[in-house]
Amino acid sequence: MDILTYLPMLLSVPVLAAVFSGVLIGIVVGAIPGLNGAVGISLLLPLTFALPPEVGLLLLGGIYMGCMYGGSITAILINVPGDVVAAPAAMEGYPLTQQGRSKEALYYSIFSSTIGGFVGVIVLILFTPPLARFALQFGPAEMFFISLSGLIIVGALAGSLLKAAFAVLFGLFISTIGLDQVSGQDRFTFGQPDLRTGVSVVPVVLGLFCIAEMILNIGKRSDQQVSYVEQSITRLAVIRDIFRHKILLLKANAIGNLIGLLPGVGTTLAVFMSYAEAKRSSKQPETFEKGNVEGIIAAEAANNATVGSSMVPLLALGVPGSPTTAIIAGALVVHGIVLGPSLFQTRPDVAFIFLYGMILTVVAMALIGAFGIKYFAYILKIRMEYIVPTVLVMSLIGAYSLRNSVFDVLIAITLGIIGAVFKKIGVPPAPIIIGVVLGPLIESNLSRSLLIANARGQGLVEYLLASDLSKGLVAIVLALLAMVVQMRRKAARA
C-alpha cells in the first residue's frame, strides 16, 4: 500500500502528539531501574481505549521504542541499567563516563539505537508475511539450539573463563528454582511458597547491577565520584564513526531482527549475542569492558532492531513475540481488531498507519535522544549521597512492581549483596543474567523435544537433528564454539 495514501493521517496533530509523547514516556520509564516497555505500556493501556485505534497503538509503539533506548542512559552515566538489555551499555558506557567521555557514549547509544530501530521497522514493513512464515519453522528442537548458542557466547564476554563459567552456572541454578515444568515437583524452594513461581530476571538484574553498584558507592566522597566533563565532540563525528563500522552494524541488525522474529526468545539474547560477536570480531578485544564504542554500537543497534521484528509474528500471524507485543495485542483486541493475515484486508487503515507510523517513533527517539543528551548528562552533577538512596528506592519499587511481591524485593536485596561481593572478586554479572534468561528456554524446549521424540518413538538426538534447519543450527553452534576457542587462544597469547 502506498505510503502517500496515509501521509495526511501520519502527519496529523493527534498522531504526532501520540508518537512524541509515547517515545518521551518510554525513555523516562526505560531509564528507571526495574521498569521496561511492558510495564510502561501496561500503565498507559487504559488511556488508549478512548483514542482512535491507530493513535492509541502508535502511543504504545512509541513507548516500546523509547524504552529500548532509555535504559542505556542511566547505564552509561551511573552504571545502573534501566533494564537487562542495557547491561552491555553499562559494561562499555560507564568506563567511558569514568574517562570523561559520557557525552560521546550517549551519542553512540542514541544513534546506534536509531539505526537499529529504523532497520527493524523497515523489516517490519517490507517482510512481514515471509518472515512470519519463516518463524513458524522453528519448533522445540530449533529453539533449543538457538538458546544453546546463547550459552556459548559467555566465553566471549568475560576475561576469566573460569569465573564466567561459574557465573553462568550460578545463573542457570537461579533459573531452576521453582516448579519443574514437566514433573511439577518443587526445586530448591526450601519450603518457601513464594519460590514456587521461580525467580524473575527483573529482581536479578536490579540486584546484580543497580543495588550492587549503589552498595559499592555508599560512603564514596564527592572527590571520588565520576564528574561531568563537557566534551567538544559533535553528533556528526559520532554518526560518521558509527557508519565506519558498517560490518558491525550489519551483523548487529541481522542478529536483532532474526532473534526478535522468534516468539518467546526476547531481546536479551539478541543484545548479548551481538555484543559478544562485536568482541569476537574486534581488532582490540582486550579493550572491551574498558570503554570500547564497538560494544555500544552492537548492543544498542541489536536492541532496537528487535522492536520492529518482534511485531512481525503479531501482525502477520496473531502470535505475540514478546510480553510487550502481547500487551499491544490486547489493545488491538479491545478495539475489536482481529490479528493475523486478515488484518490487512479487514482493517488496512490501522495496519498500515501503525507500520508507517513506527518510522515516526524512530525519528522522535532520535530527536529527543540527540538533543536531550546535554540534559541527561547533568545526572553526573548530582552528588552521590542523593543518587544512592534514589536509585535504591527506585530499584526496590521496580522489584516490587513486577508481581506486587515483597519477596521479590528481598531477592533483589540479597542478590545486590551477592553482586557487590562478586564485583569485588571479579565475577562478571553479565553471564549470570544470560544463565537466568536462557535457562528456562533451554529446559522447556528440551523437555518438549523429549516428549515429542517419545511420542514418535524416536531417540532424543534423532528428533533434535531431524530437520535440515536443526542441522544448520548445530553447525552454527559448533562454529560459534570454534570462534570463541580461537578468540580465547589469541587473548592468551596476547
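Reference entry: report on the structure contained in this document. This is a predicted model, so every value here is computed, not measured. (Residues numbered from 1 in each chain as written. Predicted model: local features only at pLDDT ≥ 70, side-chain atom pairs only at ≥ 80, totals over all residues. Heavy atoms only, no water.)

Turning our eyes to something else, we now look at the overall build of the protein chain. A count of helical and extended segments in the protein chain gives 22 helices and two strands. Within the protein chain, the proportion of its 494 residues that are buried is 58%. Considering only residue pairs separated by 6 or more positions, the protein chain has 79% of its internal contacts joining residues 24 or more positions apart. For the protein chain, the accessible area works out to roughly 20100 Å², and carbon and sulfur atoms hold 68% of it. (Helix = DSSP H or I, 4+ residues; strand = E, 2+ residues; numbered from the N terminus. Buried < 20%, exposed > 50% of the residue type's maximum accessible area, 1.4 Å probe, protein only. Contact = heavy atoms within 4.5 Å. Areas by Shrake-Rupley, 256 points an atom, 1.4 Å probe, with all protein chains shown as cover.)

Let us look at the environment of T176. Assignment of secondary structure puts T176 in helix α8 (residues 161-176). In this structure, the C-alpha to C-alpha distance between T176 and T189, residues 13 residues apart in sequence, is 9.8 Å. In contact with T176, other than residues within four places in its own chain, are R187 and F188.

Residues I215, I218, Y400, V406, L410, I413, I417, V421 and I425 make up a contiguous nonpolar surface patch of roughly 800 Å² in combined accessible area. Considering every element that reaches the nonpolar patch, the biggest residue donor is helix α19 (residues 406-425), with six residues. Structurally, Y400 is set in helix α18 (residues 384-403). (Patch = residues over 30% accessible without salt bridge, like charges linked within 9 Å, V, L, I, M, F, W, Y side chains within 5 Å. Salt bridge = Lys/Arg side-chain N within 4 Å of Asp/Glu carboxyl O.)

Let's shift gears to the packing of α8 against α19. Packed helix pairs are specified by the crossing angle of their axes together with the interaxial distance, meaning the distance between the axes. For the pair α8 and α19, interaxial distance at closest approach is 12 Å and the crossing angle is 170 degrees. Here α8 lies roughly antiparallel to α19, going by the angle between them. Along the contact surface, α8 presents K163, F166, F170 and I174, while α19 presents L415, I418, F422 and I425. In the contact of α8 with α19, the residues fall into seven nonpolar, no polar and one charged. (Axes fitted to C-alpha atoms, helices over the stretch in contact; angles between N-to-C directions. Parallel < 35°, antiparallel > 145°, perpendicular 65-115°, else oblique. Nonpolar A, V, L, I, M, F, W, Y, C, P; charged D, E, K, R; others polar.)

Turning next to unusual backbone geometry. The phi dihedral of F188 is positive, around 55 degrees, even though this residue is not glycine. You can call F188 partly exposed: its relative accessible area is 42%. Residues other than glycine seldom take positive phi values, yet E289 does so here, at roughly 65 degrees. Tracing the chain through its elements places E289 in the loop between α12 (267-281) and α13 (293-310).

All right, on to helix α11 (residues 246-261) then. Between its first and last C-alpha, α11 extends 22 Å over 16 residues, near the 22 Å set by a 1.5 Å rise per residue. Taken as a whole, α11 has its buried residues at L248, L249, A252, N253, I255, G256, N257, I259, G260 and L261. (Expected span 1.5 Å × (residues − 1).)

Two elements in contact, helix α1 (residues 3-10) and helix α17 (residues 348-376), have axes separated by 10 Å at closest approach and are oriented at 75 degrees. The pairing of α1 with α17 is recorded here as roughly perpendicular in orientation. Counted together, I3, Y6, M9 and L10 of α1 and P348, D349, F352, I353, Y356, G357 and L360 of α17 form the full contact between these two elements. Here the residues of the contact of α1 with α17 sort into nine nonpolar, one polar and one charged.

Now for the pattern of salt bridges. Counted under the stated rule, the structure contains six salt bridges. With a shortest N-O distance of 2.9 Å, E277 and K251 are connected by a salt bridge. Here K251 lies in helix α11 and E277 lies in helix α12, a separation of 26 residues in the sequence. Take E277: its relative accessible area is 14%, and that puts it in the buried class. Given the relative accessible area of 24%, K251 is considered partly exposed. One salt bridge in this structure joins E277 and R280, with 2.8 Å as the shortest N-O distance. Placement of the pair is E277 and R280 together in helix α12, with a separation of three residues, close to one helical turn. The network of salt bridges with shared partners includes K251, E277 and R280.

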